[in-house]
Amino acid sequence: MSGNMNLTLKVWRQKDAKSSGKMVTYKAENISPDMSFLEMLDVVNESLTLKGDEPIHFDHDCREGICGMCSLYINGRPHGPKRAITTCQLHMRSFHDGETITIEPWRAAAFPVIKDLAVDRSAFDRIQQSGGYVSVNTGGVPDANIIPIPKVIADEAFNSATCIGCGACVAACKNASAMLFVSAKVSQLALLPQGQPERYSRVQAMVAQMDEEGFGNCTNTGACEAECPKEISLTNISRMNNDFFSAKLFREASVNGGDGGGE
């Protein structure tokens, strides 16, 4: 078909986390510019399967930019060359006929390779489980507007909640820091009245779990915000740090069962 492209792919292949990996070169031929990046990989995998070769393993699910599964490091950038989109929203018209495309998994000790381009991001789940919840009172469901919330606060909480946990922030950071992810999950609850009972215990628990998982420290270079497909703001990190130090200085005894000291 006129206008279709022929591409060279350099793809990271690795059997599992304990095996050594290497870059392998493949040809992607007759690729429509209207295909998504994942559809292009589907075509390549179909060709490999027909030849009896092992297909390339990569994460995917909704393919609508919602689930956060499509974690590919493309030409040195998480999710590829476009801003504010996931890999499944990246189309092949962003590349040129004859181009060489390098495809790697997220590179972080806390995200061990499962196979090829798929990594284990269950560390994010454990961080969420450590404190990403609110107290729930059983009984009748109250009206949605029973607790007035200023629009600016509601909007900020919603913006934080748009984080899809893809891990692009970790992949983009030179220290493999998860601060942007954790701060977004802390902020979406800490900003709202329903999140106040666990506000200070939550931030301490989630930061402690983040450190236990082996993520690096934040050095405020801003690569995480620049590469986040949902444009989560660094403001969340400032908010999380403020709550964390407030908890350490004034509320640590309280969240650990003591009298809380003075504030």
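Residues numbered from 1 in each chain as written. Predicted model: local features only at pLDDT ≥ 70, side-chain atom pairs only at ≥ 80, totals over all residues. Heavy atoms only, no water.

Novice: Could you clarify how one ought to interpret the packing of helix H2 (residues 122-131) against helix H5 (residues 179-190) in this entry?
Specialist: Each pair of packed helices can be described by the angle between their axes along with the distance between the axes. Contact geometry of H2 with H5 gives a least axis separation of 11 Å together with a crossing angle of 30 degrees. Here H2 is positioned roughly parallel relative to H5, judged by the angle of their axes. The chirality of how H2 crosses H5 is right-handed. Judged by residue contacts, Phe124, Ile127 and Gln128 of H2 engage Phe181, Val182 and Lys185 from H5. (Axes fitted to C-alpha atoms, helices over the stretch in contact; angles between N-to-C directions. Helix = DSSP H or I, 4+ residues; strand = E, 2+ residues; numbered from the N terminus. Parallel < 35°, antiparallel > 145°, perpendicular 65-115°, else oblique. Left-handed = near helix turned anticlockwise from the far one by under 90°. Contact = heavy atoms within 4.5 Å.)

Novice: Just checking my understanding: could you explain the nonpolar core for this structure?
Specialist: Phe111, Phe124, Ile127, Val170, Val182, Met210 and Phe215 are the most contacted members of the largest nonpolar core, which has 39 residues in total. Within the residue set of this core, elements represented by two or more residues are H2, helix H4 (168-172), H5, helix H6 (199-213) and helix H8 (235-255). The biggest single contributor to this core is H5, with seven residues. Setting aside residues no more than four positions away along its own chain, Ile127 makes contact with Phe181, Val182, Met206, Gln209, Met210, Glu213 and Phe215. Counting residues in hydrophobic clusters, the runner-up holds 28 residues, among them Val11, Trp12, Met92 and Ile101. (Core = buried A, V, L, I, M, F, W, Y, C linked by side-chain atoms within 4.5 Å. Buried < 20%, exposed > 50% of the residue type's maximum accessible area, 1.4 Å probe, protein only.)

Novice: Would you take a moment to explain the layout of surface pockets for this structure?
Specialist: Any empty space left between the atoms is revealed when a probe the size of a water molecule rolls over them. Computed from the structure, the second largest pocket encloses a volume of approximately 150 Å³. If you trace the second largest pocket, you find it lined by Cys67, Gly68, Met69, Arg121, Phe124, Asp125, Gln128, Ile164, Gly165 and Phe181. Top element by residues in the lining of the second largest pocket is H2. It accounts for three residues. (1 Å grid on protein atoms, 1.4 Å probe; cavity = no way out; pocket = protein on both sides within 12 Å on 5 of 7 lines; lining within 4 Å. Points joined across faces, edges and corners; volume = space filled by probe spheres on them.)

Novice: What is the right way to look at the sheet that holds strand E5 (residues 100-104) in this model?
Specialist: The pairing of strands in a sheet comes from backbone hydrogen bonds and takes either a parallel or an antiparallel form. Spatially, five strands are ordered E2-E1-E5-E3-E4 in an open sheet, and the strand pairing comes out mixed. The sheet is open, and its two edges are formed by strand E2 (22-31) and strand E4 (77-78), each paired on a single side. As paired elements, strand E1 (residues 5-13) and E2 share eight bridges and run antiparallel to each other. When the sheet's bridge partners are listed, Trp12 is paired in E2 with Met23. (Pairing = 2+ DSSP bridges.)

Novice: Sorry if this is basic, but what is going on with the state of the cysteines here?
Specialist: Each disulfide consists of a covalent bond between the sulfur atoms of two cysteine residues. For the coordinates displayed, the defined rule picks out zero disulfides. Free cysteine Cys70: the closest other cysteine sulfur is in Cys88, separated by 3.9 Å. Cysteine Cys169 shares no disulfide, and the gap to the nearest cysteine sulfur, in Cys224, comes to 6.5 Å. (Disulfide = S-S within 2.5 Å.)

Novice: What am I meant to see in a nonpolar patch on the surface here?
Specialist: Judged by side-chain polarity, Ile146, Ile147 and Ile149 come together as a nonpolar surface patch covering roughly 240 Å² of accessible area. When you line up the elements, Ile146 lands in the loop between H2 and helix H3 (151-161). (Patch = residues over 30% accessible without salt bridge, like charges linked within 9 Å, V, L, I, M, F, W, Y side chains within 5 Å. Areas by Shrake-Rupley, 256 points an atom, 1.4 Å probe, with all protein chains shown as cover. Salt bridge = Lys/Arg side-chain N within 4 Å of Asp/Glu carboxyl O.)

Novice: Explain the pattern of salt bridges here, please?
Specialist: Pairs can form between side chains of opposite charge once their charged atoms are near each other. A complete count under the given rule lists twelve salt bridges for this structure. Across the pair Lys115 and Glu54 runs a salt bridge whose closest N-O atoms are separated by 2.9 Å. Residue Lys115 is located in strand E6 (residues 113-115), and its partner Glu54 is located in the loop between helix H1 (37-50) and strand E3 (73-74); the two are separated by 61 residues in the primary sequence.

Novice: Is there a simple way to explain the side chain of Lys185 in this structure?
Specialist: In this structure, Lys185 sits in helix H5. Despite its burial, Lys185 remains without a salt bridge, the nearest opposite charge being carried by Asp125 at 9.2 Å. Separated by 3.2 Å, the side chain of Lys185 and the backbone oxygen of Cys163 make a polar contact. Leave out the neighbours within four places in its chain, and Lys185 touches Gln128, Cys163 and Met206. (Lys, Arg positive; Asp, Glu negative; His and termini not counted. Polar contact = N/O pair within 3.5 Å; in protein donor to acceptor, adjacent residues only side chain to side chain.)

Novice: I'm lost on unusual backbone geometry in this one. Help?
Specialist: What is expected of a backbone is that most residues other than glycine have negative phi and most peptide bonds are trans. A positive phi angle, close to 55 degrees, is found at Asp116, a residue other than glycine. With respect to the helices and strands, Asp116 occurs in the loop between E6 and strand E7 (118-119). On the basis of relative accessibility, which here comes to 2%, the residue Asp116 falls in the buried class. Despite not being glycine, Ala176 shows a phi value in the positive range, around 55 degrees. If you trace the backbone, Ala176 turns up in the loop between H4 and H5.

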